[in-house]
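# A look at the structure
Listed here are the chains, written in short residue letters.
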There are 2 protein chains.
Amino acid sequence: MNVLAGRALTGLMLFCLSCVALADPLPSWRSGAVKSAITEFVQATTTPGHANFLPASERIAVFDNDGTLWGEQPYYVQLAYALERAKVADPASLSAPLARALKADDVAAVMGMGADGLMELLAVSHADRSVDEFQQDVSRWLADARHPQSGLRYTDMVYQPMLELLRYLRDRGYQTYIVSGGGVDFIRAFAEQRYSIPPNRVIGSLGQMEAVEAEGRMVLMKRPGIAWLDDGQNKALAIERVIGQRPVLAVGNSDGDYPMLVWTTEGEGPRLGILVHHTDKAREYAYDRESHIGQLDQALDEAEPRGWVRVDMARDWARIYPDTP
Amino acid sequence: MNVLAGRALTGLMLFCLSCVALADPLPSWRSGAVKSAITEFVQATTTPGHANFLPASERIAVFDNDGTLWGEQPYYVQLAYALERAKVADPASLSAPLARALKADDVAAVMGMGADGLMELLAVSHADRSVDEFQQDVSRWLADARHPQSGLRYTDMVYQPMLELLRYLRDRGYQTYIVSGGGVDFIRAFAEQRYSIPPNRVIGSLGQMEAVEAEGRMVLMKRPGIAWLDDGQNKALAIERVIGQRPVLAVGNSDGDYPMLVWTTEGEGPRLGILVHHTDKAREYAYDRESHIGQLDQALDEAEPRGWVRVDMARDWARIYPDTP
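Here we summarise the structure given alongside this text. These numbers were taken from a predicted model, which means no experiment stands behind them.

## Description of the relation of the copies chain B and chain A
Rotating chain B by 180 degrees and translating it 0.0 Å along the rotation axis places it on chain A, where the RMSD comes to 0.0 Å. The relationship between the two copies is best expressed as a two-fold rotation axis. Taking C-alpha positions as the reference, the residue of chain B nearest the rotation axis is V242(B), at 3.4 Å. Interface residue correspondence from chain B to chain A reaches 100%, placing this contact among same-surface, isologous pairings.

See below:
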């Protein structure tokens, strides 16, 4: 071997070694059974000739949002938005209990008002604006608003391991959908920028909407009331209505995701269900069966018999949040 | 130039000439203002550097189905399916007027029964089966059923010029969606095979649906009643709910498509509205303002002031249907 060939070979070997080092698509996931289960599933379903290979058209993955792709404690981000917008609404337009709770900054009182109170809060903060205006307002709000405990921007509290999993799946030909109990217009205001998930891959709860004419042009207005609450069984139904195909991979963190996980993993062929278990009080939150937000009880019992992968955040995630720029 | 080089050059020139000859993406569209308007729009929006260039993420095209992608006369294909399935239902389960009309093969009487009669017909023919069973049954039916006048299979009565337009758009990076008044489960039973449009690109009317447990597994059952009638203004609302972006190109043929065309073409930047006008009594049907099916009145008046392209089937389409295998 001459010197040049030797150098070329050495260079090639170094290149390949760095490939292997760089090749881990999930660097924020610690090595172990969970990470292996995920990478083995993705490898198998995307390797031609493998017994579990799936054509690209069947590679559909669905992700819950709150508590799965980003945080949901001490209360949903969308609720934080609603509270802040309702606070600056004309108090005369509010019911006395809501006005009182908002004035006292008493989130617990708002959450204790039940369905009627929540509907009123959503109407005051979400309705009677066009979808465009609403989404621009959400974007403005997200640019500044801070989490009440961490002081971070909400969009900096997405889970880095999930950003990696989304990208890994898409790089291997998967379509990644959000299927959330949150409002679809709210999620679309940041999903493309934060998750690289475009509007047509976001499924969520739907407010009432109306097409009206304003200054001779059609405008789509958000109206009070909920047309579709995308939680529980409705998540499975919404997947059928919007996607029209059963997913092969589902990721959730609460009992509201249970039917979606069941629907996904009861299908024929290779299937993967992933349950995010919030076990990390030091770096995030620890909650499950008793939590008022993101209660995880039935799905936790069913994870093992159904062969779902349980992500223990404290054990399996090397980091929680992305670097803040 | 030596002989070989000369031959290579000649070969290259012949190759390029044949490229040009083969390059017409719309061979079933006759040359003229309509075809030029379409190809100029697609060229402009997909040519980098052009003033009207659109990034791929904005290239969203929506198509009505009945009367736009395939025929709708003398009555909707889905109605033909419903009638045939209702005919073999237990007569004791039917109301007297519906049972009488079905026995007499009197389609006009069925259509004259109004909303309640139509709901009953849909319930008898569509509901209380799983979505999977329903779609398999539709596929079986479409494989044999024949149009009452042409004797052709319905799936052989899709419009060849529209198959070319769909393919042309997708080849240039457009997403092609169906936005139909027809039932989404019905359309998905043939859209992928016939139009190369996958389930998640089909928006349509929604029947009631329920997730139930059968033999220990989740099953999605179709139930009586309509949850979403995807016609008129609801087409614009459904586009926003499912796609979450305003399309740049819309194709329809009736007043039920008018709001979808308005919503699409009132957006900023390059927009194209296309209205299919059934003018071809010899090869298909001729109908517009007075038709009970696919009435085209307001949208026809608005086409010119709004700058929409009006496709005159008799004049603009060199052929109507694809070759039947």
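Next comes the rest of the account.
## Considerations on the pattern of salt bridges
Inspection of the entire model under this criterion finds 34 salt bridges over all chains. As a salt-bridge pair, D185(B) and K222(B) come within 2.7 Å of each other at their nearest N and O atoms. Taken together, the residues D185(B) in helix α9 (residues 184–195) and K222(B) in strand β4 (residues 217–228) connect sequence positions 37 residues apart. Each member of the pair D185(B) and K222(B) is classed as buried. Each member of the salt-bridge network shares a partner with another, and the members are R85(A), R129(A), D137(A) and R140(A).

## Regarding the nonpolar core
Ranked by size, the top nonpolar core spans 190 residues in total, and within it M162(A), L165(A), Y195(A), M162(B), L165(B) and Y195(B) carry the most contacts. Excluding anything up to four places from it in sequence, M162(A) contacts W29(A), F63(A), T68(A), L69(A), V251(A), V276(A) and W317(A).

## Thoughts on a nonpolar patch on the surface
Residues M119(A), I226(A) and L229(A) make up a contiguous nonpolar surface patch of roughly 240 Å² in combined accessible area. Tracing the backbone through its elements, the reader meets M119(A) in helix α6 (residues 114–126).

## Concerning helix α10 (residues 233–243) of chain A
Along an α-helix, residues three or four positions apart point the same way, because every turn accommodates 3.6 residues. Across the 11 residues of α10(A), nine count as buried, placing the element largely inside the fold. Just downstream of α10(A), G244(A) is the residue with a positive phi angle, here 75 degrees.

## So, the environment of G269(A)
Residues and elements named next belong to chain A. With respect to the secondary-structure elements, G269 resides in the loop between α11 (258–265) and β6 (272–279). According to the relative accessible area criterion, G269 is exposed, its value standing at 54%. Remark: the alpha-carbon pair of G269 and L54, spanning 215 residues in sequence, is separated by 8.9 Å.

What counts and what doesn't
- Residues numbered from 1 in each chain as written.
- Chains lettered and ligands numbered in written order.
- Predicted model: local features only at pLDDT ≥ 70, side-chain atom pairs only at ≥ 80, totals over all residues.
- Heavy atoms only, no water.
- Least-squares fit on C-alpha atoms with pLDDT ≥ 70 in both.
- Contact = heavy atoms within 4.5 Å.
- Salt bridge = Lys/Arg side-chain N within 4 Å of Asp/Glu carboxyl O.
- Helix = DSSP H or I, 4+ residues; strand = E, 2+ residues; numbered from the N terminus.
- Buried < 20%, exposed > 50% of the residue type's maximum accessible area, 1.4 Å probe, protein only.
- Core = buried A, V, L, I, M, F, W, Y, C linked by side-chain atoms within 4.5 Å.
- Patch = residues over 30% accessible without salt bridge, like charges linked within 9 Å, V, L, I, M, F, W, Y side chains within 5 Å.
- Areas by Shrake-Rupley, 256 points an atom, 1.4 Å probe, with all protein chains shown as cover.

Scope: geometric values only; no functional claims are made or implied.
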